[in-house]
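# Fold and geometry: a report
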Amino acid sequence: MNLSEIRIDSLKKIEELNSERDLAALKTYLFGKTGVLTGLMKGLKDLPPEQKPQAGKEINDLRVELMGLCEQKEKELHRMAIEQSINSQVIDLTIDRPDHAIGHAHPINQVRRRLTEYFVGNGYIVYDSPEIETDYYNFQALNVPPDHPARDMQDTFFITDNILLRTQTSSGQIRLMEKYKPPLKMICPGRVFRNDDDSTHSPVFHQMEGLVIDKNVTLCDLKGALEGFAKFIFGEETRIRFRPSYFPFTEPSVEVDVSCFNCHGSGCRVCKNTGWIEILGAGMVNRRVLSGCGIDPDEYHGFAFGVGLDRITMILCAINDIKLMWENDVRFLHMFK
């Protein structure tokens, strides 16, 4: 077979190709180690010297032409293969498919976020403190010495004689007052731990501590701050009341109730027919606590309050068992999108 016949035969085969596999076979037939053109190039050594240059040029020109045509055909076949694949995988957008479930924040996190946004909007900073605390920050600096009976009010998880899981976020106010000088205005949300377990208590729960230290701060400022908080959470018609109480780190101390948002004070199952719901404890920061943190109690005064985030969530969401919020039951969580 001469060069002219090889060219005509190859052009015909290239034109008739309809798959990349057939093209690969043709390229092997023409340019492989035992291919037709490769054999012709090897046969140049048998020609007379004067014929070798011209023969070599003609073989090489044909090789370049056929390789160019093969490359063009390869691109064409590759494009056709892609189009065929796309056409064979058509998606019918009219077919009904189940919607994918979208996650959302846990009800406790929703309440925490709302409260944080409220207090930050009123000039409070968010301060974080360790969950593993020393006895000093959790008790002693808060005016609760080792022999104080108030320690019996909290069943504490001790790791060592001096290291424990914090029972209250109030330890954060001590760290803040030691680190910064007044005026101070902060909230400290986080987990706390107590050895308590029933339908309304859990060994792990959430608190948000609030602290304001400045000159001329009074109990009236505390009442105003908590009234604004209560109206934000429970509605503009909400009223609050203070009841005398006792906390070692505040003096005077109060328990704070809000008028029932369900019956507006007339009495119902939510408020146990009292018209009021207890939501938090508060008071004016004890002079000893201020002195222990290096703050002059004659110049500066302050108030502190502690909100139970789990309790607020249970009230707002009408949850009757705190354990439901820890079980991560998807059916339960979907109720609070």
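Look above for the structure.
From a predicted model like this one, the values you see are computed outputs, not experimental measurements.

A word on the overall build of the protein. Along the backbone of the protein there are 11 helices and nine strands. Computed over C-alpha atoms, the radius of gyration of the protein comes to 41 Å, more than 25% over the 20 Å expected from 2.2 N^0.38 for 337 residues, which places it beyond the range of a compact globule. With the C-alpha coordinates of the protein rotated into their principal frame, the extents come out at 120 × 50 × 35 Å. Burial status across the protein gives 41% buried among its 337 residues. As presented, the protein carries roughly 19,700 Å² of accessible surface, and 52% of it is formed by carbon and sulfur atoms. Taken as two groups, the 40 positive and 48 negative side-chain charges of the protein have centres that lie 3 Å from each other.

For the rest of this paragraph, the subject is the packing of helix H1 (residues 3-16) against helix H2 (residues 20-31). Two packed helices can be described by the angle between their axes and the distance between those axes. It is the contact of H1 with H2, at a shortest axis distance of 11 Å, that shows an interaxial angle of 165 degrees. With respect to their mutual orientation, H1 and H2 come out roughly antiparallel. The chirality of how H1 crosses H2 is left-handed. Residues Asp9, Ser10, Lys13 and Ile14 of H1 form the contact with H2, whose own contacting residues are Leu26, Tyr29 and Leu30.

Another aspect to go through is the pairing of strand E7 (residues 250-259). The two faces of the sheet receive side chains in turn, since in a regular strand these alternate between them. In terms of burial, E7 is a largely internal element, eight of the 10 residues being buried. As paired elements, strand E6 (residues 240-247) and E7 share seven bridges and run antiparallel to each other. Bridge pairing in E7 links Phe247 to Thr250. The loop that links E6 with its antiparallel partner E7 comprises two residues. Strand direction decides the pairing type here: E7 and strand E8 (residues 276-285), joined by eight bridges, are antiparallel. Paired with Val258 across the two strands is Ile277, which belongs to E8.

So, on to helix H10 (residues 309-317). Every buried residue of H10 is accounted for by Leu309, Asp310, Ile312, Thr313, Met314 and Ile315. Contacts from the buried residues of H10 go to helix H5 (107-121), strand E5 (204-214), helix H8 (219-234), E8 and strand E9 (301-308). Following H10 by one or two positions, Ala318 has its phi on the positive side, about 55 degrees.

To describe a pair of aromatic rings, you give the distance between the ring centres and the angle between the ring planes. Taken as a whole, this structure holds eight aromatic pairs when the rule is applied. Arranged with centres 5.1 Å apart and planes meeting at 75 degrees, the rings of Tyr118 and Phe119 form a pair that is edge-to-face. Ring centres 4.7 Å apart and planes at 25 degrees place the aromatic pair Tyr118 and Phe232 in the stacked group. In this pair, Tyr118 is assigned in helix H5 and Phe232 in helix H8, connecting sequence segments 114 residues apart. For Tyr118, a relative accessible area of 16% translates into the label buried. Within the aromatic cluster, the residues linked to one another by ring pairs are Tyr118, Phe119, Tyr124, Phe229, Phe232, Phe303 and Phe305. Here the guanidinium or amino end of Arg114 rests over the ring plane of Phe232, the centre of that ring lying 5.5 Å away. Residue placement shows Arg175 over the ring face of Tyr137; its charged tip is 4.0 Å from the ring centre.

This part is about the sheet that holds E8. The strand order across the open sheet built from seven strands is E1-E4-E5-E9-E8-E7-E6, with neighbouring strands paired in mixed fashion. In the strand order of this sheet, the two ends are held by strand E1 (125-126) and E6, each with one partner. Packing against the sheet, helix H7 (residues 171-179) makes contact with E1, strand E4 (184-193), E5, E8 and E9, and its axis sits at approximately 140 degrees to E4. In the packing of H10 onto the sheet, contacts are made with E5, E8 and E9, and the angle to E8 comes to roughly 155 degrees.

Core analysis: the biggest nonpolar cluster contains 35 residues, and Phe229, Ile279, Leu280, Phe303 and Phe305 have the highest contact counts within it. At the level of secondary structure, the elements contributing two or more residues to this core comprise H5, E5, H8, E7, E8, E9 and H10. When neighbours within four sequence positions are excluded, Ile279 is seen to be in contact with Phe229, Phe234, Val256, Val258, Gly308, Arg311, Ile312 and Ile315. Within the second largest apolar cluster, 21 residues are counted, among which are Leu211, Ile213, Phe249 and Cys293.

How each quantity is defined
- Residues numbered from 1 in each chain as written.
- Predicted model: local features only at pLDDT ≥ 70, side-chain atom pairs only at ≥ 80, totals over all residues.
- Heavy atoms only, no water.
- Helix = DSSP H or I, 4+ residues; strand = E, 2+ residues; numbered from the N terminus.
- Rg over C-alpha atoms; globule rule 2.2 N^0.38 Å.
- Buried < 20%, exposed > 50% of the residue type's maximum accessible area, 1.4 Å probe, protein only.
- Areas by Shrake-Rupley, 256 points an atom, 1.4 Å probe, with all protein chains shown as cover.
- Lys, Arg positive; Asp, Glu negative; His and termini not counted.
- Charge placed at Lys NZ, Arg CZ, Asp CG, Glu CD.
- Axes fitted to C-alpha atoms, helices over the stretch in contact; angles between N-to-C directions.
- Parallel < 35°, antiparallel > 145°, perpendicular 65-115°, else oblique.
- Left-handed = near helix turned anticlockwise from the far one by under 90°.
- Contact = heavy atoms within 4.5 Å.
- Pairing = 2+ DSSP bridges.
- Phe/Tyr/Trp six-rings, centres within 6.5 Å; stacked < 30°, edge-to-face > 60°.
- Lys NZ or Arg CZ within 6 Å of the ring centre and 35° of its normal.
- Core = buried A, V, L, I, M, F, W, Y, C linked by side-chain atoms within 4.5 Å.

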